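Fold and contact review
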Amino acid sequence: VEMHGGTVAIESDGPGTGTTVVARFPAIDPPVMMTVPLRVPKHERASRIVIVDDDEDVRESLRLLLSRKGHIVITADDGPGGLECIVREHPDIGIIDIAMPRMDGYQLARQVRALGVEIFLIALTGYGQPDDKTRAHDAGFDAHLTKPADVDRLEALLTAVV
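Attention in this report is confined to the structure presented alongside it.

Rules and cut-offs
Residues numbered from 1 in each chain as written. Predicted model: local features only at pLDDT ≥ 70, side-chain atom pairs only at ≥ 80, totals over all residues. Heavy atoms only, no water. Pairing = 2+ DSSP bridges. Helix = DSSP H or I, 4+ residues; strand = E, 2+ residues; numbered from the N terminus. Axes fitted to C-alpha atoms, helices over the stretch in contact; angles between N-to-C directions. Buried < 20%, exposed > 50% of the residue type's maximum accessible area, 1.4 Å probe, protein only. Polar contact = N/O pair within 3.5 Å; in protein donor to acceptor, adjacent residues only side chain to side chain. Patch = residues over 30% accessible without salt bridge, like charges linked within 9 Å, V, L, I, M, F, W, Y side chains within 5 Å. Areas by Shrake-Rupley, 256 points an atom, 1.4 Å probe, with all protein chains shown as cover. Salt bridge = Lys/Arg side-chain N within 4 Å of Asp/Glu carboxyl O. Lys, Arg positive; Asp, Glu negative; His and termini not counted. Charge placed at Lys NZ, Arg CZ, Asp CG, Glu CD. Right-handed = clockwise from strand over helix to strand, strands pointing away. Core = buried A, V, L, I, M, F, W, Y, C linked by side-chain atoms within 4.5 Å.

1. Concerning the sheet that holds strand E4 (residues 72-76)
- Taken in spatial order, the five strands make up an open sheet running E4-E3-E5-E6-E7, and their pairing is parallel. At either margin of the open sheet sits one strand with a lone partner, and together these are E4 and strand E7 (143-146). Between one strand and the next, the sheet's axes are offset by a mean angle of 20 degrees, whatever the strand orientation.

2. Topic: the environment of Thr159
- For Thr159, the location among the structural elements is in helix H5 (residues 151-161).
- Residue Thr159 is classed as partly exposed on the basis of its relative accessible area of 46%.
- Distance from Thr159 to Ser47, taken between C-alpha atoms, is 9.3 Å for residues 112 residues apart in sequence.
- A distance of 2.9 Å separates a polar atom in the side chain of Thr159 from the backbone oxygen of Glu155.

3. What to know about a negative patch on the surface
- A contiguous patch of negative charge on the surface is contributed by Asp54, Asp55, Glu56, Asp57 and Asp77.
- Along the chain, Asp57 turns up in helix H1 (residues 56-68).
- Classification of Asp57 as exposed rests on a relative accessible area of 61%.

4. Considerations on the pairing of E4
- Looking at chain direction, strand E3 (residues 48-52) and E4 are connected through five bridges and run parallel. Paired with Ile49 across the bridge in E4 is Val73.
- A crossover links E3 with its parallel partner E4, the connecting element being H1, and its sense is right-handed.

5. Considering the pattern of salt bridges
- With the rule as written, the count across this model stands at eight salt bridges.
- Lys147 serves as the salt-bridge partner of Asp53, at 2.8 Å between the closest nitrogen and oxygen. Linking Asp53 in the loop between E3 and H1 with Lys147 in the loop between E7 and H5, this pair joins segments that are 94 residues apart in sequence.
- Given a relative accessible area of 2%, Asp53 falls into the buried group.
- The partner of Asp97 in a salt bridge is Lys147, with the nearest N and O atoms 3.3 Å apart. With Asp97 in the loop between strand E5 (93-96) and helix H3 (105-114) and Lys147 in the loop between E7 and H5, this pair connects stretches of sequence that are 50 residues apart.
- Its relative accessible area of 6% is what places Asp97 among the buried residues.

6. A word on the pairing of E7
- Strand direction decides the pairing type here: strand E6 (residues 120-125) and E7, joined by four bridges, are parallel. From the neighbouring strand, Leu124 faces E7, where its bridge partner is Leu145.
- Of the crossover connections in this fold, the one passing from E6 over helix H4 (residues 130-139) to the parallel E7 is right-handed.

7. Considering the nonpolar core
- Residues Val52, Ile86, Ile96, Leu108, Val112, Leu121 and Phe141 are the most contacted members of the largest nonpolar core, which totals 22 residues.
- The set of elements that each furnish at least two residues to this core consists of E3, E4, helix H2 (79-89), H3, E6 and H4.
- Top element by residues in this core is H3. It accounts for four residues.

Printed below as a string of structure tokens:
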């Protein structure tokens, strides 16, 4: 508080009576608010993308990012749900986590490939060692990204697929 030019005062009438803490900061002029329209570049052609990840925060943040870029995004929270979405929706791209309960990403990729579904599969995982990348490729993934995903690299992959 003091580093911001303020003061702190602490008062109490003794044990069991509570404590009052007062922090004061110098007044400043309110910031000038400007409304600027948000322009998000859109791809020439929107891709249909399925995101399969058991982590709701990862799934939702990726869905928001890709939707704002003009893509049509469908999500699933586990492997069986992801397989069902891929078979039903025929997306262009699948972004799939590896470590999931019930059916991991490797199993999901193998099943998708066994069904002959044409889709570009991206492994998005915390597993980033060379052996992990080889295992993902062997399971049928076309690309491998380590979490947290480099958004520029993901965007380059999506552009290349389109």
